[in-house]
There are 4 protein chains.
Amino acid sequence: MSDPVAGDQLRAFVERIERLEEEKKVISDDIKDVYAEAKGNGFDVKILRKVVSLRKKQPHEREEEEAILDLYLQALGMGPGVGM
Amino acid sequence: MSDPVAGDQLRAFVERIERLEEEKKVISDDIKDVYAEAKGNGFDVKILRKVVSLRKKQPHEREEEEAILDLYLQALGMGPGVGM
Amino acid sequence: MSDPVAGDQLRAFVERIERLEEEKKVISDDIKDVYAEAKGNGFDVKILRKVVSLRKKQPHEREEEEAILDLYLQALGMGPGVGM
Amino acid sequence: MSDPVAGDQLRAFVERIERLEEEKKVISDDIKDVYAEAKGNGFDVKILRKVVSLRKKQPHEREEEEAILDLYLQALGMGPGVGM
DNA sequence: TCTCACAACTCCGCTC
DNA sequence: GAGCGGAGTTGTGAGA
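Sequence order sets the numbering: in each chain, residues are counted from 1 along the sequence as written. Each chain takes a letter, starting from A, and each ligand takes a number, starting from 1, following the order in which they are written. Reporting of local features is limited, given that this is a predicted model, to residues whose pLDDT is at least 70; pairs of side-chain atoms are given and counted only at 80 or more, and all residues count toward the totals for whole chains, interfaces and linings. For side-chain calculations, the full set of non-hydrogen atoms in the structure is used, while hydrogens and water are omitted.

> Can you walk me through the interface of chain D and chain C in this structure?
Where the parts come together, the accessible area they lose is often given as the size of the interface. Whether two residues touch is decided by their heavy atoms; if any such pair falls within 4.5 Å, the residues are in contact. At the interface, 27 residues of chain D touch 28 residues of chain C. Once two parts are joined, some of their accessible surface, as seen by a 1.4 Å probe, is lost; buried area is that loss totalled over both. Across the chain D to chain C interface the summed buried area is about 2,800 Å²; carbon plus sulfur atoms make up 72%. In what follows, salt bridge is the name for a side-chain nitrogen of Lys or Arg lying within 4 Å of a carboxyl oxygen of Asp or Glu. Summed over the shared surface of chain D and chain C, the result is six salt bridges. A salt bridge links E21 of chain D to K56 of chain C; its shortest N-O distance comes to 3.3 Å. Identification of polar contacts relies on pairs of N or O atoms within 3.5 Å, with a donor-acceptor requirement for protein atoms, meaning one able to donate a hydrogen and the other able to accept it, and with residues adjacent in sequence counted only if both atoms are side-chain atoms. At the junction of chain D and chain C, the tally comes to nine residue pairs in polar contact (both at pLDDT 80 or more). Helix and strand labels come from DSSP, where a helix needs a run of H or I of at least four residues and a strand needs a run of E of at least two; each type is numbered from the N terminus. Of all elements in the fold, only α1 (4–40) and α2 (45–56) of chain D reach the threshold of two or more residues within the side of chain D that touches chain C. Element by element, the count of residues in the side of chain D that touches chain C is highest for α1 of chain D, at 20 residues. Lys, Arg, Asp and Glu make up the charged group, whereas Ala, Val, Leu, Ile, Met, Phe, Trp, Tyr, Cys and Pro make up the nonpolar group; the residues left over, Gly among them, are polar. Per-class residue counts for the side of chain D that touches chain C are 15 nonpolar, three polar and nine charged.

In structure tokens, the structure reads:
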């Protein structure tokens, strides 16, 4: 009422966002399909996800997390080399 | 034994997933851009997010209410679609 | 260097958490028992779960609607609590 | 209307469940508090969670997962020993 | 730093 | 009896 233009603008922004979110959902579904297909070909989906996630992380970052974990495990008397 | 894990197939799946995740990230960034643009036009991003989220949830809530109604009808031995 | 990780403290935290998680598991099992008992009394567990879940969500939805209303009022320069 | 007793019974079950879920929520909040306290004492919460989760799993189970992961990584030409 | 929404993992019931 | 699918729960990452 105070400014009809603002309403139109607002609607436009909302619609642009909703359109993009739909596209994003399509991609997400595609990814799920690929995992399902991999499973159908005998791959372990859980491990596959871990592989993808490992490839994303920087090596030093992962090493640092593992180092802290080892410190904690040692402090608890559970030896290192347990893996993460 | 010659090939405990089908490397080529695995690689293909991983690459398809990574490709899709890149596309997904592009869309996510686009969404961020739209929010930024809206902010530049004087809109409150927090409100905008709330509006989008609410519009997403409302149809879902509606469906849930219908689902519970159907369940009640079933529980009473009146199948769904019986009408009133 | 003598103690890179405070082992006693760490162990104490871990044990407190594990103790609490055990308690939590007991409660979860109790809930399962109640559902089983209800089933034994002829109730449909799926419906029952739906009822419980719906009763949980409704107050939350209500709060969310109020929140968005307040946000709109703020956006229009009318603080919350102004009334109508 | 068809059977008022069923309604009373249903209400009783729902209330018992809701009561238990409240207790469960209290415990969950307690666990969160412990993690927060640990954080205040300089511990890394993310790693701490991993420690607790590791203690829950059986060793052989973890070893098996790691073995599969290594197979996949080798198939992709990423050496083992990366950790999990 | 803290909150909050998204995504992954686990467990349960269901069906073949 | 086992795999499949869905729901609930937990963990992670992004935003304020």
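> For this particular structure, what's the right way to read the UniProt feature "coiled-coil region" (unreviewed entry) in chain A?
UniProt positions are given in the numbering used here, feature names are shortened, and annotations may be inferred rather than shown by experiment. Feature annotation in UniProt places "coiled-coil region" (unreviewed entry) on residues 10–37 of chain A, given in this structure's numbering. Secondary structure across residues 10–37 of chain A divides into 100% helix and 0% strand, with the first and last C-alpha atoms of the span separated by 41 Å.

> Which parts of the structure should I look at to understand the UniProt feature "domain: GapR-like DNA-binding" (unreviewed entry) in chain A?
With numbering aligned to this structure, UniProt lists the feature "domain: GapR-like DNA-binding" (unreviewed entry) at residues 6–77 of chain A. Within the segment residues 6–77 of chain A, helix and strand shares are 89% and 0% respectively, and the terminal C-alpha atoms sit 63 Å apart.

> Can you help me understand the packing of helix α2 (residues 45–75) of chain B against helix α2 (residues 45–75) of chain C in this one?
Two measures define how a pair of helices packs: the angle their axes make with one another and the distance between the axes. Fitted lines through C-alpha atoms serve as axes, helices being fitted only where they are in contact, and the angles separating the N-to-C directions of these axes extend from 0 to 180 degrees. The contact between α2 of chain B and α2 of chain C brings their axes to 10 Å, and the two run at 155°. Considering the angle they form, α2 of chain B stands roughly antiparallel to α2 of chain C. Like other packed secondary-structure pairs, α2 of chain B and α2 of chain C cross with a definite hand, here left-handed. In this structure, α2 of chain B contributes I47, K50, V51, L54, K57, E61, E64, A67, I68, L71, Y72 and A75 of chain B to the contact, and α2 of chain C contributes I47, K50, V51, L54, K57, E61, E64, A67, I68, L71, Y72 and A75 of chain C. Within the contact of α2 of chain B with α2 of chain C, the residues separate by chemical class into 16 nonpolar, no polar and eight charged. Angle categories are assigned with fixed cut-offs, so that under 35 degrees is roughly parallel, over 145 is roughly antiparallel, 65 to 115 is roughly perpendicular, and the rest are oblique. Take the far helix as the reference: if the near one is turned anticlockwise from it by less than a right angle, the crossing is left-handed, and if turned clockwise, right-handed.

> What is the right way to look at the protein's contact with DNA strand E in this model?
Surrounding DNA strand E, one finds K46 and R49 of chain A, K24 and K56 of chain B together with K32 of chain C. One nitrogen or oxygen atom from the side chain of R49 of chain A is found 3.1 Å from a phosphate oxygen belonging to DNA strand E. Within the side chain of K32 of chain C, an N or O atom sits 2.6 Å from a phosphate oxygen of DNA strand E. Of the residues in the surface near DNA strand E, the class split is no nonpolar, no polar and five charged. Consider each residue's heavy atoms; a residue with any of them within 4 Å of a molecule or strand counts as near.

> So what exactly am I meant to see when it comes to the packing of aromatic side chains here?
Each aromatic ring pair is specified by the distance between its two centres and by the angle formed by the two planes. When the centres of two rings from Phe, Tyr and Trp lie within 6.5 Å, Trp using its six-membered ring, the rings pair. Their planes under 30 degrees apart give stacked, over 60 give edge-to-face, and anything left gives tilted. Considering all chains together, one arrives at six aromatic pairs over all chains under this definition. Ring centres 5.8 Å apart and planes at 75° place the aromatic pair F43 of chain A and Y72 of chain D in the edge-to-face group. In this pair, F43 of chain A is assigned in the loop between α1 (4–40) and α2 (45–56) and Y72 of chain D in helix α3 (residues 59–75), connecting two distinct chains. A single burial state applies to F43 of chain A and to Y72 of chain D, both of which are buried. The structure contains a cluster of three or more aromatic residues connected by ring pairs, namely F43 of chain A, F13 of chain B together with Y72 of chain D. Consider the ring centre and the ring normal. A charge sits over the ring if Lys NZ or Arg CZ is within 6 Å of that centre and within 35 degrees of that normal. Above the ring of Y35 of chain D, the side-chain terminus of R49 of chain D is found at 4.2 Å from the ring centroid. Only protein chains enter the accessibility calculation, which uses a 1.4 Å probe; a residue is then buried when its area is under 20% of its type maximum, exposed when over 50%, and partly exposed in between.

> Looking at this structure, I do not really get the protein's contact with DNA strand F. What am I missing?
The environment of DNA strand F is made up of K32, V45 and R49 of chain B, K24 of chain C together with K24, K46 and R49 of chain D. A share of 100% is what sugar and phosphate atoms reach among the atoms of DNA strand F within 4 Å of the protein. A distance of 3.1 Å is found between a phosphate oxygen of DNA strand F and a side-chain nitrogen or oxygen belonging to K24 of chain D. Broken down by secondary-structure element, the contributors of at least two residues to the surface near DNA strand F are α2 of chain B together with α2 of chain D.

> Help me out: how do you make sense of the packing of helix α1 (residues 7–40) of chain C against α2 of chain D in this one?
Closest axis-to-axis distance for the α1 of chain C/α2 of chain D pair is 11 Å, and the angle between their directions is 60°. Comparing their axes, α2 of chain D and α1 of chain C come out oblique. In the packing of α1 of chain C onto α2 of chain D, the handedness of the crossing is right-handed. In this structure, α1 of chain C uses L10, V14, I17, E18 and E21 of chain C to contact α2 of chain D, whose residues at the interface are L48, V51, V52, R55 and K56 of chain D. Of the residues in the contact of α1 of chain C with α2 of chain D, the class split is six nonpolar, no polar and four charged.

> How should α2 of chain A be read in this particular structure?
Count 3.6 residues to each turn of an α-helix, and residues three or four apart come out pointing the same way. Residues and elements named next belong to chain A. Under the convention used throughout, the expected extent of a helix is 1.5 Å for every residue step, that is, one less than its residue count. The terminal C-alpha atoms of α2, which comprises twelve residues, lie 17 Å apart, in line with the 16 Å expected from a rise of 1.5 Å per residue. Every buried residue of α2 is listed here: I47, L48, V51, V52 and L54. End-on view of α2: buried residues confined to an arc of 160°, all on one side of the axis. In this structure D44 caps α2, since a side-chain oxygen of it lies 3.0 Å from the backbone nitrogen of K46. To obtain the arc, one takes the directions from the helix axis to the C-beta atoms.

> What am I meant to see in the domain arrangement of chain A here?
Residues and elements named next belong to chain A. What the domain assignment lists for chain A is domain 1 (1–43) and domain 2 (44–77). On the domain 2 side, the residues contacting the five residues of domain 1 number five residues. Where domain 1 abuts domain 2, roughly 470 Å² becomes buried across the two surfaces, and 70% of that area is made up of carbon and sulfur atoms. Taken together, domain 1 and domain 2 are joined by one residue pair in polar contact (both at pLDDT 80 or more). By residue class, the composition of the side of domain 1 that touches domain 2 is three nonpolar, one polar and one charged. Segment limits for the domains were obtained from an automatic or database-derived domain assignment.

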